[in-house]
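# Report on the structure
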Amino acid sequence: MNNYFVILAAGKSQRFHHKIPKQFFYYRNKEIIDHSIEKSIDSKLFKKIVVVTNNLNYFKKKKYLKKVSIIKGGKERSESSLKALKYLNKYNPRNVYIHDAARPNFSIKLLKNISKNLKKNKAVVPVIASKDSIKYKIKNKIFNLNRNNLMLTQTPQAFRFKELYYLASKENKNISDEATLFLNQDHKIKFISGENQNNKITYLNDIETSKTYFGIGFDLHKLIKNKKLYLGGIKIPFHSGLKGHSDGDVILHAIIDAILGATRKKDIGTYFPNTKKFRNIRSPKMLKPVIDNLNKSNVVINNLDINLICENPKVSKHRKKIIDSISKLMRLNKDLINLKGKTVEKLGLIGKEKAIACEVIISITKYE
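One structure accompanies this document, and this report is about it. (Residues numbered from 1 in each chain as written. Predicted model: local features only at pLDDT ≥ 70, side-chain atom pairs only at ≥ 80, totals over all residues. Heavy atoms only, no water.)

## Description of the overall build of the protein
Regarding its fold elements, the protein presents 10 helices and 19 strands. With the C-alpha coordinates of the protein rotated into their principal frame, the extents come out at 80 × 45 × 40 Å. Sequence-distant contacts, at least 24 apart, represent 72% of the contacts inside the protein between residues at least 6 apart. Only carbon and sulfur atoms are counted for the fraction: they give 50% of the accessible area of the protein, which is about 20500 Å². Measuring between centres, the 74 positive side-chain charges of the protein sit 5 Å from its 30 negative side-chain charges. (Helix = DSSP H or I, 4+ residues; strand = E, 2+ residues; numbered from the N terminus. Contact = heavy atoms within 4.5 Å. Areas by Shrake-Rupley, 256 points an atom, 1.4 Å probe, with all protein chains shown as cover. Lys, Arg positive; Asp, Glu negative; His and termini not counted. Charge placed at Lys NZ, Arg CZ, Asp CG, Glu CD.)

## What to know about helix H2 (residues 77-88)
In this model, H2 (12 residues) spans 17 Å end to end at C-alpha, consistent with the 16 Å of a helix rising 1.5 Å per residue. Ser78, Ser80, Ser81, Leu82, Ala84, Leu85 and Leu88 are the residues of H2 that are buried. In this fold, the buried residues of H2 make contact with strand S1 (3-9), strand S4 (48-53), strand S5 (68-72), strand S6 (95-100) and helix H4 (161-170). (Expected span 1.5 Å × (residues − 1). Buried < 20%, exposed > 50% of the residue type's maximum accessible area, 1.4 Å probe, protein only.)

## Considering helix H9 (residues 315-330)
The largest bend in H9 comes to about 30°, at lysine 321. Taken as a whole, H9 has its buried residues at Val315, His318, Ile322, Ile323, Ser325, Ile326, Ser327 and Met330. Residues of H9 that are buried in the fold lie against strand S14 (229-231), strand S15 (234-236), helix H6 (250-262), helix H8 (283-296), strand S17 (299-309) and strand S18 (337-342). Backbone geometry just after H9 places arginine 331 at a positive phi near 55°. (Bend = angle between axes of the 7 residues up to and from the residue.)

## Focus: the state of the cysteines
Enumeration according to the criterion identifies 0 disulfides in this entry. The cysteine cysteine 310 is free of any disulfide, with cysteine 358 supplying the nearest cysteine sulfur at 9.3 Å. Here cysteine 310 falls in the buried class, since its relative accessible area comes to 4%. For cysteine 358, a relative accessible area of 0% puts it in the buried group. (Disulfide = S-S within 2.5 Å.)

## A closer look at the pairing of S4
In terms of burial, S4 is a largely internal element, 6 of the 6 residues being buried. Looking at chain direction, S1 and S4 are connected through 6 bridges and run parallel. Its bridge partner being in S4, valine 6 is matched across the sheet by valine 50. Two elements, S4 and S5, share 5 bridges in a ladder whose sense is parallel. Residue pairing for S5: valine 52 is matched across the bridge by isoleucine 71. (Pairing = 2+ DSSP bridges.)

Next up, the structure:
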């Protein structure tokens, strides 16, 4: 489908009152703008994603840059939008979606609903009903507006590219959204149901209220000869591997138990008992459904602190690879993961290199 997605992120965030522009403020484990970029990529609806910004330095180290074009924005929203349309004109798009970076909570389901309605319409705009009583002032008089007749427009808004480009090129006033261009010329717009969670972040206190929980995980396995050693989801060169019903990965097992503890979901044995079904299962396969359930519960991970307890192998030699692996498996920023190596001063089974243990503390936040 010949669709293009534009994210407007050139605003100065003056009402946000923070040294970091709101589109780059950290929110639910990532910068606000990354939510929109990743969802547009994951939807697989778009040939190209264009970000319009005046903060080009924020994008220098982004991994998704091959899929995203970054262009400089204007002083006003309408100017930035027109710059994006001029940039896209060379690709001869059929449809273009315009989205505000300050709305990170829209769903891929909404994108697909917009796409469906755009097949038979030239403009599709999501709206929600007003929950508030609204007054309107004309000179010194204040009037009540009929709430039943009010529609609060959201983004992304989608249009036939040629029509939007023509109208935007002719407009010489600042506009608050692209739907205004169509309404000013009495062009038809298909209004569809938006999403209440697709709120626009304007002020710092627009970030949701939340509750924080902690979980502790622990695991220990004996070392045996002629078995591969897996730690953190990757194979580590060593003279022995960890004995267990699964691959014995003590790091991932402790992480799973820590998550289950923080979410009050019993323990790893409840979901992966010592039965034939789970014999020799790789630990990443055990971790995946736990992480999937966490993500479905409006929960994010704040940080992960890991103690790997062993004489050998030395954690310092493998720390980066293990953290990279955990980051990928959990879809978690590497900066939120800490891995420490602890010895037991040659004492007991661990001290004799006959066992490895791991303990994990995790902090999670559940958003209301």
